[in-house]
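# Working through the structure, step by step
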Amino acid sequence: MDRILVLVRHGQSEWNLKNLFTGWKDPGLTEKGIAEAKAAGERLKRKGLKFDIAYTSVLTRAQHTLDLMLAELGQTGLKTVKDQALNERDYGDLTGLNKDDARKKWGEEQVLVWRRSYDVPPPGGESLKDTLARALPYYMTHIQPDVLSGKSVLVAAHGNSLRSLIMAIEGLTPAEILKRELETGVPVFYRLKADSRPEKIEILNG
Ligand SMILES: O=C(O)[C@H](O)COP(=O)(O)O
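Throughout, residues of each chain are indexed from 1 in the direction in which the sequence is written. Side-chain atom pairs in this predicted model are given and counted only at pLDDT of 80 or more, local residue features only at pLDDT of at least 70, and totals for whole chains, interfaces and linings cover all residues.

## Considerations on the sheet that holds strand β5 (residues 188-192)
Within a sheet, adjacent strands bond to each other through the backbone by hydrogen bonds, running parallel or antiparallel. Strands qualify as paired when DSSP identifies two bridges or more between them. The helix count covers DSSP runs of H or I at least four residues long, the strand count covers runs of E at least two residues long, and both are numbered beginning at the N terminus. With mixed pairing, the 6 strands of this open sheet are ordered in space as β3-β2-β4-β1-β5-β6. In this open sheet, the two edge strands, each paired with only one partner strand, are β3 (80-82) and β6 (198-203). Each adjacent strand pair in this sheet contributes to an overall mean axis angle of 15°, direction not counted. In this structure, strand β1 (residues 4-9) lies alongside β5, joined through 4 bridges in antiparallel fashion. Bridge pairing in β5 places L5 opposite Y190. What counts as an axis is a line fitted to C-alpha atoms, over the stretch in contact for a helix, and the angles between N-to-C directions run from 0 to 180 degrees.

## What to know about unusual backbone geometry
Among all residues except glycine, the phi angle is most often negative; among peptide bonds, the trans geometry is most common. Here N19, not a glycine, exhibits a phi torsion of approximately 65°, which is positive. If you trace the backbone, N19 turns up in the loop between α1 (14-17) and α2 (31-46). Phi is positive for S196, close to 85°, though the residue is something other than glycine. Take S196: it is sitting in the loop between β5 and β6.

## Focus on the site of the ligand
We call a residue near a molecule or strand if the C-beta atom, set from the backbone, is within 6 Å of it. Taken together, the neighbourhood of the ligand is formed by F21, T22, G23, E88, Y91, R115, H158, G159 and N160. By the convention adopted, Pro, Cys, Tyr, Trp, Phe, Met, Ile, Leu, Val and Ala count as nonpolar, Lys, Arg, Asp and Glu as charged, and the other residues, Gly among them, as polar. When grouped by side-chain class, the residues that make up the shell around the ligand number 2 nonpolar, 5 polar and 2 charged.

## Details of the environment of N205
By the secondary structure assignment, N205 is in the segment after β6. Between the alpha carbons of N205 and A39 there is a distance of 9.5 Å; along the sequence they are 166 residues apart.

## Some thoughts on the environment of W24
Among the secondary structure elements, W24 is positioned in the loop between α1 and α2. Exposed residues have 12 or fewer other C-beta atoms within 10 Å of their own C-beta, buried residues have 20 or more, and partly exposed residues fall in between, where C-beta atoms are placed from the backbone. Classification of W24 as partly exposed rests on a count of 18 C-beta atoms within 10 Å. On a C-alpha basis, the gap between W24 and R191 in space is 30 Å, while along the polypeptide they are 167 residues apart. Contact criterion: two residues are in contact if their C-beta atoms, reconstructed from the backbone, are within 7 Å. Residues in contact with W24, not counting those within four places in the same chain, are N87, E88 and D90.

## Some details on the nonpolar core
The term nonpolar core refers to a set of buried Ala, Val, Leu, Ile, Met, Phe, Trp, Tyr and Cys residues connected through C-beta atoms within 7 Å. Formed by 40 residues in total, the largest nonpolar core has its most connected members in L5, V6, L7, M69, V153, V155 and A156. Contributions of two or more residues to this core are made by β1, α2, β2 (53-56), α3 (60-73), α6 (128-148), β4 (153-157), α7 (159-170) and β5. Counting residues per element, this core draws most heavily on α6, which supplies 6 residues. Among all residues touching M69, those that are not within four sequence positions of it are V8, A37, A40, G41, L44 and A156. Membership of the second largest hydrophobic core comes to 8 residues, among which are F21, Y91, A102 and V111.

Okay, here's the thing in structure tokens:
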């Protein structure tokens, strides 16, 4: 039985382009982001994948990325479940600030701690641990059961909501997940074993 799970971070958004902390804000994709999402769909198609269900967040950039991938796959209209649990981490008071300006104001190190530490939240926002605390229960009760029942599942979401899931799926430590970056529009392919651990991991970046 095939147990296929593909995670895709949305294509470049208007706020990624402007280098702004985005979190729960809802900017659309740029032209580049649209092209990245289409390219992601083409890679999935080239791999011969067909999906049984898709999951995404309630944010436009992830939903649009999913729609563009499904169009490339010839799977427009696939059953899609949208849930806030898959949203980007809430960047709190940093939302809307320029990342370089924030480094000038608070220092390189502090901003890195807010962006990449495991359990230090940005002021008024969510740490990766907080993000995991709402994304993982959703994964365990909705997405994982679908995959383990033999469905092929496509998830379009966000840098940090997906990093938190990757940490759990791959059994990474907080130190290991800090170094793991997710590029926009690059699918992460998993084949899971019956015990839910990955037997194959592939980054589809070419
Ligand atoms: O919300 C954001 O600003 C980005 O999508 C992810 O930000 P990060 O690279 O700081 O994790």
